Structures are given as structure tokens and as C-alpha cells.
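Residue-level listing of the chains:
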There are 2 protein chains.
Amino acid sequence: MAKRVVPEAARRRRRPTKQGQVLTHAHIVETALRMLREHGPAGLTARRLGLALGADASTVYRYFRGMDDLILAIADELFGRAMASFSPSGDWQADLRELGLRIHNAYLAHPQAAVLTASRVTGRPNEVASDETILGILRGAGFPDADAVRIYHAFIDQSLAFAILDAATLALPKAAREADEEVWRDTYARLPASTHPNIAATAPLLVARMNDSAYPTALDLLLASAAAQLAG
Amino acid sequence: MAKRVVPEAARRRRRPTKQGQVLTHAHIVETALRMLREHGPAGLTARRLGLALGADASTVYRYFRGMDDLILAIADELFGRAMASFSPSGDWQADLRELGLRIHNAYLAHPQAAVLTASRVTGRPNEVASDETILGILRGAGFPDADAVRIYHAFIDQSLAFAILDAATLALPKAAREADEEVWRDTYARLPASTHPNIAATAPLLVARMNDSAYPTALDLLLASAAAQLAG
DNA sequence: TCCCTTATGCCAACGCCATTGACGTTGTTG
DNA sequence: CAACAACGTCAATGGCGTTGGCATAAGGGA
């Protein structure tokens, strides 16, 4: 099977699409993000992406090995946006907090992408750069290498997983959110207080879940705990 | 459109499949879980499920509205297993810890299901029962209702989200894990130490990510923080 | 300037998927 | 024993990702 996908750097020749568009990896990722925003995770398909690009669906395969490859590229793009123009201040807690919030925000801006990429490890440049930066911050803070790794895994990995999952659940399309909420209300409303004495407290829980991000709180908590490990 | 799906309670008549199987919701969910374990998330399709059941694919639609409905049923089944025969001891921190670990374990046993259900809210009986139980524990511990809700959202929701995500990432099929690891090693090995001075520390990070669950640590941390809120 | 190579876009097709409506059949109820 | 409704199956629909073959245009070499 001949390789159909050529790395970005080697590309020199470009032919415009029948509709005059000139394609690039970046343009395709951008378009895919727009489609995700407008039509949800299920709305991103090769055919529709081709249509949105003014190209044939199969053209996408000249740029990405397949839809999964594209999805990982999207994830890495968001990491890249989060890391863009970040420079450490020297205060490691503040720096890690800043990075966590940046990643959270990047995914909040594209929650549909969060749904697709949660629990994925891309190994792509921007994610690697993020790992590199965070490890550097931890080591710069005085953690021995082994501790830096342990703390990264125990706290930072979790924090980032939270951030992405939080975005996925918090910012679903409004229609779905309301549908979910309706399901919940119906379900809870039917339950007799005799068997479910705590049902009354769930209404504000629903509201909180729909509207408040718990991530910043958890981030601070995890960072404080990491700091305690350094002190101890 | 006539409703094709009848609630479990109303079912009375059963006809065996051409191959002699008698179907139930429980049996279908069980079979789906087995398929997930054996063939991964993408291996669970209506057709293959029908085949595994010794029935036509469309038969599944007599029991579930669609594949998504089935997936939510799977999620609720795992919640049910986690909550099975749980009874609070009266020590609220120990009880919440126990519940967190139970849910974590239930999803660890079916990581493929975790991949499918992460970031979903089912509103189904077992999940509702879990909410009910947890709220009861918090209120029983002396938290006013508003605090119970806030703590639930800030700590418990995150803990459970991470339990599921942790299962999803930690226990992927071995092949995929090794593939991922290989990708990572390749990626990192290529990076010059000049631009990535912390690369050396990533090898143990990979090992930790692949093998160690960070969830119990995070769970304790979140619970300790909740306890501090009660004291303060 | 012209040609040749090759990346690229397009077309058509494959096999898979979820889902549905119609139909026959079976178990249950009265 | 008759009528009904639930159930399983069949066949079909429209969509999906993906691929091989083909036409074509861009860029380099002469």
C-alpha cells in the first residue's frame, strides 16, 4: 500500500480544489473545529468535512491517515493554543496553575473536541511540549526527578484529565444540556421521598453541575497537596 | 411511529430466538459487556451483538431504543455492581472512600465501557441511587444541604469522573497500550536534549502512566479537603 | 520554453454501520 | 379456543470511513 500521507514539511505542490480552496493541515483542523462547534461530535464526518472544505471527502486522506489521526491533530492543536506564548514566571505553583487553567480554557472553547479526545494520549508535538514544560517547572521547583514524575502522575495528570472531562460535561450543546436536565428532573421527580429521602437536595446539584466548573477548585487543591509534598 | 421499546416490567411474552436463546435486558447487557472486553469499544455493534446473542441485529431494538440507550444501560449496570450490597458504616469519610473505590473497580473491570460512558450522565436508577446514597452520607455527616451539594459537586463529581477516566486510560487493551507507548518512546527519543532538557524524566512517567492508578491518592486528597471544609 | 515527475484532487466503489417498517409467529389472556 | 399483542426476522435505506485508479496541475531540469 502506497503511503498517501505526506508530512507537512515535505509539501510543496498544491492544487486548488474544484471550488478554488487551497488546503493545508491547519485549515483542515480549523474547519473540523468549526464543524465540531456547530454540529457536535457526531457531525464531524469525512464527507461533511470534505463538503465544508469545498473538496472531496477522500482529499482529507492526503493530509491525515484517517479520522482518528485528524482527531489527535485537533487535540494537539488545542494543546498548542493553550501553551501559546506561555513563559514561566518562576513561581512554580502559579505557573502550574496558569497552565492548568489555560488547558481548561482551551477545551472549554471546544467542548465537543474534549468529548472526542478525553482519555487519549496523542504523543504529538504540543502535548510533548506541555509535558516538557511541566516537568521543567517541577524540577526547577526543587523536586528530585523521581518525585517530579510521581507528582506529575499523581496530581498533574489528574488535573488535566479533570480539565478536559470538565469541559466535556460542562459545555455540552445547550439542547443536550436541557434534555439531560429534563431527564434528570423527570427521574428524580418520580421517586418517592420515602425511599429517597435526599432527593430534595438534588435540584441545586443539577444546577451546579450544569453551570459551575469545579475544575479551578480541584486544581488549587492538587497544587497545594503537591506543595505539601515538597515541604514534607 | 409506534413505540418498539417496552419497559422491562411490562414484558411477559418471550419467544426464543431462531437459535434457541431467550433474551432479556440483563442478558443483552451482559453480552455487550463481554463483547466490549473481547473486541474493544469499536467492536460493539448492533450486528455483532445480534450475532453474539444468536439473534438478528434488529432484535436488540425491541429492548433498547438504540445503541446509545444500550450504552447508558451498560453504564448503569456497572454503577449497580459498584453499589451492590453497600451499606454505610457511619464513618462518612470511610463510606465515601469505599464508594469511590467500588466505582473505580467496577470500571477497571470494564475499561472499554469507561471509554464509552465517560462524561455521560445517565439519570438511570443505579446512578440515581448512588447520588442518593452519597447525598445521604454527606447530610448524615452534618453538612447543611447547601454545603453537601457544593462538596458533592466540587469533590465527589470530580472524583467519580476521574475514577472512570482513570479506568479508561489505565486499562486499555494491551496492544493499544504498547502501541501508544511505542509512539511516545519514538517521539521522545527523537527530541534533542538541547530543546527538551527534561526528556530523560519522561521514561518513568510513561511507565507510571501505563501501570499505576493515581485514583486512590486523589480520592483521599479530595475527601481530606472535604473534611477540612466541615471542620472549618 | 517544454517536458517529466509526482503530489494532489476527484471519482466510484466496497463493506460496514445503525435504524426502521412490514410481516409472520408465538405466548398469553379471556 | 379465539384474539391480541409482543416478539423475532427480513429486507431495505441512507450514511459512514476508507481505498484504488485516474486525471491533472505544479515545480524542477533541460
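Residues numbered from 1 in each chain as written. Chains lettered and ligands numbered in written order. Predicted model: local features only at pLDDT ≥ 70, side-chain atom pairs only at ≥ 80, totals over all residues. Heavy atoms only, no water.

So, on to the overall build of chain A. Helix and strand counts for chain A stand at 10 helices and 0 strands. Ordering the α and β elements of chain A from the N terminus gives α-α-α-α-α-α-α-α-α-α. The buried share of chain A, taken over its 232 residues, is 50%. Intrachain contacts of chain A at a sequence separation of at least 6 include 70% that bridge at least 24 residues. (Helix = DSSP H or I, 4+ residues; strand = E, 2+ residues; numbered from the N terminus. Buried < 20%, exposed > 50% of the residue type's maximum accessible area, 1.4 Å probe, protein only. Contact = heavy atoms within 4.5 Å.)

A separate point is the UniProt feature "DNA-binding region" (unreviewed entry) in chain A. Under the local residue numbering, the UniProt record ascribes the feature "DNA-binding region" (unreviewed entry) to residues 45-64 of chain A. For residues 45-64 of chain A, helix accounts for 40% and strand for 0%, while the C-alpha atoms at its two ends are 13 Å apart. (UniProt positions renumbered as here; feature names shortened; annotations may be inferred.)

All names here are of chain A. Two elements in contact, helix H3 (residues 67-83) and helix H6 (residues 125-140), have axes separated by 7 Å at closest approach and are oriented at 40°. Between H3 and H6, the interaxial angle falls into the category oblique. Contacts between H3 and H6 pair Asp 76, Glu 77, Phe 79, Gly 80 and Met 83 from the former with Pro 125, Asn 126, Glu 127, Ala 129, Ser 130 and Thr 133 from the latter. Of the residues contributing to the contact of H3 with H6, the split by class is 4 nonpolar, 4 polar and 3 charged. (Axes fitted to C-alpha atoms, helices over the stretch in contact; angles between N-to-C directions. Parallel < 35°, antiparallel > 145°, perpendicular 65-115°, else oblique. Nonpolar A, V, L, I, M, F, W, Y, C, P; charged D, E, K, R; others polar.)

What follows concerns the relation of the copies chain A and chain B. The operation relating the pair of chain copies consists of a rotation about an axis and a translation along that axis. Each copy of the sequence occupies a distinct position, and chain A is placed on chain B by a rotation of 180° and an axial shift of 0.0 Å, giving an RMSD of 0.1 Å. In the structure described here, the two chain copies are related by an operation that fits a two-fold rotation axis. Among all residues of chain A, the minimum C-alpha distance to the rotation axis is found for A:Phe162, at 3.4 Å. Take the interface residues of chain A: 100% of them recur as interface residues in chain B, which is what a same-surface contact looks like. (Least-squares fit on C-alpha atoms with pLDDT ≥ 70 in both.)

Moving on, we get to the pattern of salt bridges. Residue and element names in this part refer to chain B. Counting across every chain of the model gives 14 salt bridges over all chains. Arg 81 is the partner of Glu 77 in a salt bridge, and the nearest nitrogen-oxygen pair spans 2.7 Å. Placement of the pair is Glu 77 and Arg 81 together in helix H3 (residues 67-83), with a separation of 4 residues, close to one helical turn. Since its relative accessible area comes to 29%, Glu 77 is described here as partly exposed. The partner of Glu 98 in a salt bridge is Arg 102, and the shortest N-O contact between them spans 2.7 Å. Separated by 4 residues within a single helix, Glu 98 and Arg 102 lie in helix H4 (residues 92-108), roughly one turn from each other. (Salt bridge = Lys/Arg side-chain N within 4 Å of Asp/Glu carboxyl O.)

All names here are of chain A. A rise of 1.5 Å per residue sets the reference length of helix H1 (residues 25-39), with its 15 residues, at 21 Å; its end C-alpha atoms lie 21 Å apart and thus fit the reference within 8%. Looking only at H1, the buried set comprises His 25, Ile 28, Val 29, Thr 31, Ala 32, Leu 33, Met 35 and Leu 36. Close packing links the buried residues of H1 with helix H2 (46-53), H3 and helix H5 (111-117). Two residues or fewer past H1, Gly 40 is found with a positive phi of approximately 80°. (Expected span 1.5 Å × (residues − 1).)

Counting residues at the interface gives 48 residues for chain A and 50 residues for chain B. Together, the buried faces of chain A and chain B total about 4400 Å²; carbon and sulfur atoms form 67% of this surface. Looking at the side of chain A facing chain B, the largest losses of area belong to A:Glu132, A:His153 and A:Asn198, adding up to 15% of the total buried there. Summed over the shared surface of chain A and chain B, the result is 0 salt bridges. The tally of links from chain A across to chain B stands at 11 residue pairs in polar contact (both at pLDDT 80 or more). Mapped by element, the contributors of at least two residues to the side of chain A that touches chain B are H6, helix H7 (145-170), helix H8 (174-190), helix H9 (202-211) and helix H10 (215-231) of chain A. Considering every element that reaches the side of chain A that touches chain B, the biggest residue donor is H7(A), with 13 residues. (Buried area = accessible area lost by both parts, 1.4 Å probe. Polar contact = N/O pair within 3.5 Å; in protein donor to acceptor, adjacent residues only side chain to side chain.)

In this section: the environment of B:Arg150. Residue and element names in this part refer to chain B. Structurally, the position occupied by Arg 150 is in helix H7 (residues 145-170). It is 9.9 Å that separates the C-alpha atoms of Arg 150 and Ala 226, two residues lying 76 residues apart in sequence. There is a polar contact of 3.0 Å between the side chain of Arg 150 and the side chain of Asp 147.

Right, let's get into unusual backbone geometry. Of note in the backbone geometry, A:Ser85 takes a positive phi value of approximately 55° without being a glycine. Checked against the element boundaries, A:Ser85 lands in the loop between H3 and helix H4 (92-108).

Residues and elements named next belong to chain B. Contact geometry for helix H1 (residues 25-39) and helix H2 (residues 46-53): axes closest at 10 Å, N-to-C directions at 115°. As judged from the angle between their axes, H1 and H2 are roughly perpendicular. Between H1 and H2 lies a crossing of right-handed hand. Two secondary-structure elements touch here, H1 through His 27, Ile 28, Thr 31, Ala 32, Met 35 and His 39 and H2 through Arg 48, Leu 49, Ala 52 and Leu 53. Its residues assigned to classes, the contact of H1 with H2 comprises 6 nonpolar, 3 polar and 1 charged. (Left-handed = near helix turned anticlockwise from the far one by under 90°.)

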